[in-house]
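Letter by letter, the chains look like this.
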Amino acid sequence: MTDLNDLMMSGGVRRLSRRDLLRRAGVGASALSASALLAACGVSGETEQNQPAGEDKLTTNKKTGELIFANWPAYIDKAGGGSPTLEQFEKSSGIDVSYKEVINDNNSFYATIREPLSNEEPVQWDIIVVTDWLLAKMASFGYLEELDHSLLPNFDRHAGDIYKDPTYDPGNKHSVAWQSGITGIAWNPELTGREITSIEDLFDPAFAGKVGMFTEMRDTMHLVMLGMGIKPQDCTTEDARAAQQKLLKQQEDGIVRKYYGNDYVGPLAQGDLALCISWSGDVVGRTLGENSKIRFTVPEEGGLLFTDAMGIPQNAANPIDAHAMMDFVYQPKVAAQMAAWINYITPVPEARPILKKSSDSYTRQIAASPLVFTTPEMESQLYSYKNLSLDEEQEWNELFNTVLEG
Amino acid sequence: MSSAERRGAAPYLLSLPGVSWLILFFAVPLYFMLSFTFYEGTIETGFGYSAEWVQTYTDALSGYRTQIIRSFIYGIIVTSATLLMAYPMTYWIATKGGQRKNLFLLLLLLPFFTPFLIRTISWTFVLADEGIFLGTLKDTGLLSQDFRLLATPTAVIFGLIYNFLPFMALPLYVSLEKLDPALREAAQDLYSDRRETFMRVTLPLSLPGVFAGSLLTFIPVVGDFINAEYLGSPQTSMIGNVVQRLLLVNGDYPTGGALSFLLIVGILIGIFLYARLLGTEELTG
């Protein structure tokens, strides 16, 4: 928490939370004049800071029988209008799950909850699934509950080694993985007319107006830098600036059609896009996989390996029920059932032998796919996001925002 | 209280619901938005008063000049196009509609029984590169294979025209409908030809409708972000898209607030100039 305090004091400006600001602005509201406002700001009062995460207790230590879960689209197995995994969980635990597919990209979802979280107010969700970097950032601000690992025996027993004690969340203090995935390139052979192998293909004028990039700053910037031969862990702000220039040029030349969140799958499937940055599971899996013409490639320069993890937002109403769900999906049978449908990378290696034994040939293919159960060769091509400091993140965001805003 | 006093208070009491609604949901949020522009910071780290708040405004103005200019250009194009389309249509309904006037008005409004967002998103299917419309034209060879509408300014402007046409049409209809036909007959009795009747009688008398329709179209169009979001590309992003991103994604309240206020000022200046041009100042008080 010291970092946060330093930050709050930086520049000699005593920081106000948004609630303070509203309250103080309200003092001036009666006079509605600039001078009254400024005077109101000078009034000293106790600054509200987030509680250090360690001293915080869960809202309740009892099961409530309810769970509200925020996730990305097509990120859980489905059958006949429902989800077998959710139905089994509801049946075995007696917990009523409200499962919402509300996350299209990390930043815009985070924007919907950051304000209440910064005011220590509860948000509606008991579990959220966000990408590793955002999870780390939220944990650093004290926005996530600390997990009680005595409630997560299946996680301890069945999670793969790389999912235990990950760099983004040491000791799994605030999270357990939901799924991992690969950021690469999806392409439609009918429209590209040739095989796509390189990140440079995203900048080919031959595909003008048919190329999609991501609104996720890390995915787009890192992939562009990989194309320039710079590994994520080595890249500097100078490199980020060069990547920005390259993206701006791509836009000026009319090569990029648009920047997408998870909503790129529609335009890709209906032929608006010939190729685009993509997340592996969407293409390997049933979102686009049934539309067999779409392919997924880990570019020769490399791809990105990310983990989306489950966390419990601060002051969530049903934390014990959330733990139950987190643990439930770590049973190998459940993990296998999910992996067969989602086709991202499951954090439970024991799911693979179960899938291999399946009577369904599609499921056996999934078990053999290096995009779902990564092989050492595949892993040697994959890189994690760089761990950005707050300053770096802000600089990179500013660079990337000028790209998004056109 | 005497009855005279009661009568004196009546207008104020009658306007109370509306005025308090405006104060609570318009003036107060606007005031908060304004106060943010004097601060710097983020939601997580908190906000602090910024001595450089003037710079927030100048930076917003210079940093987003392209989008501001683009929004006003789109606004002018869309307002002119809807005016040119709506005027003959509503003139015809008002003068020749007869018994079926209400039916025609209903037809005009029918698409608006569907929400704005759904109408716009459904256009992304209709206009898809390989969709029912462009795909067919491409297959028949009428269009080249790389022709597209989505993610171009044309699609955004078409979407805006479609979505805002009734905002122009309804005020125009009202002002044309209440025109006494005897005035046109009188003009003809005085040897005006049709063109002169229109230019000297109908058009001047319908100017209040033109003005109201233009305002109702221009103001929301300049601030719109849905059409540019779904039908456009980064190269068509309007000021609304920037404000949406700043406020709802990046949490940059100071810059977002400053841009919103610059937009309000810009629109007010635009309306003032337009009122001068049409000679309808009395309408704006």
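Right above here is the structure, for reference.
Residues numbered from 1 in each chain as written. Chains lettered and ligands numbered in written order. Predicted model: local features only at pLDDT ≥ 70, side-chain atom pairs only at ≥ 80, totals over all residues. Heavy atoms only, no water.

### Some points on the overall build of chain A
Here comes step 1: Scanning chain A for helices and strands turns up 18 helices and 10 strands.
Here comes step 2: When burial is assessed residue by residue, chain A has 58% of its 406 residues classed as buried.
Here comes step 3: Long-range pairs, those at least 24 residues apart, make up 76% of the contacts in chain A with a sequence separation of at least 6.
Here comes step 4: Total accessible area on chain A stands at roughly 16,000 Å², and carbon and sulfur atoms take up 51% of it. (Helix = DSSP H or I, 4+ residues; strand = E, 2+ residues; numbered from the N terminus. Buried < 20%, exposed > 50% of the residue type's maximum accessible area, 1.4 Å probe, protein only. Contact = heavy atoms within 4.5 Å. Areas by Shrake-Rupley, 256 points an atom, 1.4 Å probe, with all protein chains shown as cover.)

### Focus on the packing of aromatic side chains
Here comes step 1: A full pass over the atoms with the stated rule returns 29 aromatic pairs over all chains.
Here comes step 2: Considering the side-chain rings of Y91 of chain B and F198 of chain B, the 6.4 Å spacing of their centres and the 85° angle between planes classify their relative orientation as edge-to-face. A residue pair is termed long-range when its members are at least 10 positions apart, and Y91 of chain B in helix α3 (residues 65-96) and F198 of chain B in helix α9 (residues 194-223) qualify at 107 residues.
Here comes step 3: Judged by relative accessible area, which is 27%, F198 of chain B ranks as partly exposed.
Here comes step 4: Counting every residue linked through ring pairs, the aromatic cluster contains F69, W72, Y75, Y99, W178, F214, Y264, W279, F306 and Y344 of chain A.
Here comes step 5: In this arrangement the basic side chain of K246 of chain A is found over the ring face of F203 of chain A, its NZ or CZ atom lying 4.5 Å from the centre. (Phe/Tyr/Trp six-rings, centres within 6.5 Å; stacked < 30°, edge-to-face > 60°. Lys NZ or Arg CZ within 6 Å of the ring centre and 35° of its normal.)

### So, the pattern of salt bridges
Here comes step 1: Within this structure, the stated rule accounts for 16 salt bridges over all chains.
Here comes step 2: The salt bridge involving K210 of chain A is made with D129 of chain B; its shortest N-O contact spans 2.9 Å. In this pair, K210 of chain A sits in the loop between α8 (189-192) and β5 (211-214) while D129 of chain B sits in the loop between α5 (116-126) and α6 (134-139), so the two residues belong to two different chains.
Here comes step 3: Overlapping salt bridges bring together K210, R257 and D272 of chain A together with D129, E130 and K138 of chain B as one network. (Salt bridge = Lys/Arg side-chain N within 4 Å of Asp/Glu carboxyl O.)

### Some remarks on the layout of surface pockets
Here comes step 1: By volume, the largest pocket is sized at about 1,300 Å³.
Here comes step 2: Taken together, 45 residues line the largest pocket, and the ones lying closest to its centre are Q394 and E398 of chain A together with G41, T42 and D252 of chain B.
Here comes step 3: Secondary-structure elements contributing two or more residues to the lining of the largest pocket are α5 (106-118), α6 (132-140), α9 (217-227) and α18 (390-404) of chain A together with β1 (39-42), α2 (53-63), α11 (239-249) and α12 (253-278) of chain B.
Here comes step 4: A total of 10 residues in the lining of the largest pocket trace back to one element, the largest contributor, which is α18 of chain A.
Here comes step 5: For the lining of the largest pocket, a count of residues per class yields 14 nonpolar, 17 polar and 14 charged.
Here comes step 6: Around the second largest pocket, the lining comprises 41 residues; the ones closest to its centre are K258, Y259 and D263 of chain A together with E229 and Y230 of chain B.
Here comes step 7: Those elements that place two or more of their residues in the lining of the second largest pocket are α5, β6 (256-260) and α11 (265-269) of chain A together with α5, α10 (226-231) and α11 of chain B.
Here comes step 8: Broken down by element, the residue count for the lining of the second largest pocket peaks at six residues, all from α11 of chain B.
Here comes step 9: The residue inventory of the lining of the second largest pocket, partitioned by class, reads 20 nonpolar, 13 polar and eight charged. (1 Å grid on protein atoms, 1.4 Å probe; cavity = no way out; pocket = protein on both sides within 12 Å on 5 of 7 lines; lining within 4 Å. Points joined across faces, edges and corners; volume = space filled by probe spheres on them. Nonpolar A, V, L, I, M, F, W, Y, C, P; charged D, E, K, R; others polar.)

### A word on the pairing of strand β3 (residues 127-131) of chain A
All names here are of chain A.
Here comes step 1: Along β3, five of the five residues are buried, which leaves the element largely enclosed by surrounding structure.
Here comes step 2: The alternating pattern of β3 places I127, V129 and T131 on one face and I128 and V130 on the opposite face, and all of these are buried.
Here comes step 3: Note: strand β1 (residues 66-71) against β3, two bridges, orientation parallel. Residue pairing in the sheet places A70 in a bridge with I128 of β3.
Here comes step 4: Note: β3 against strand β9 (residues 303-311), four bridges, orientation antiparallel. Looking at the pairing, T131 lines up with D308 of β9. (Pairing = 2+ DSSP bridges.)

### Observations regarding the nonpolar core
Here comes step 1: Core analysis: the biggest nonpolar cluster contains 122 residues, and M213 and M310 of chain A have the highest contact counts within it.
Here comes step 2: For this core, the element with the highest residue contribution is helix α14 (residues 332-342) of chain A, accounting for eight residues.
Here comes step 3: Judged by nonpolar contacts, the second largest core, of 43 residues, contains A86, F104, F261 and I267 of chain B. (Core = buried A, V, L, I, M, F, W, Y, C linked by side-chain atoms within 4.5 Å.)

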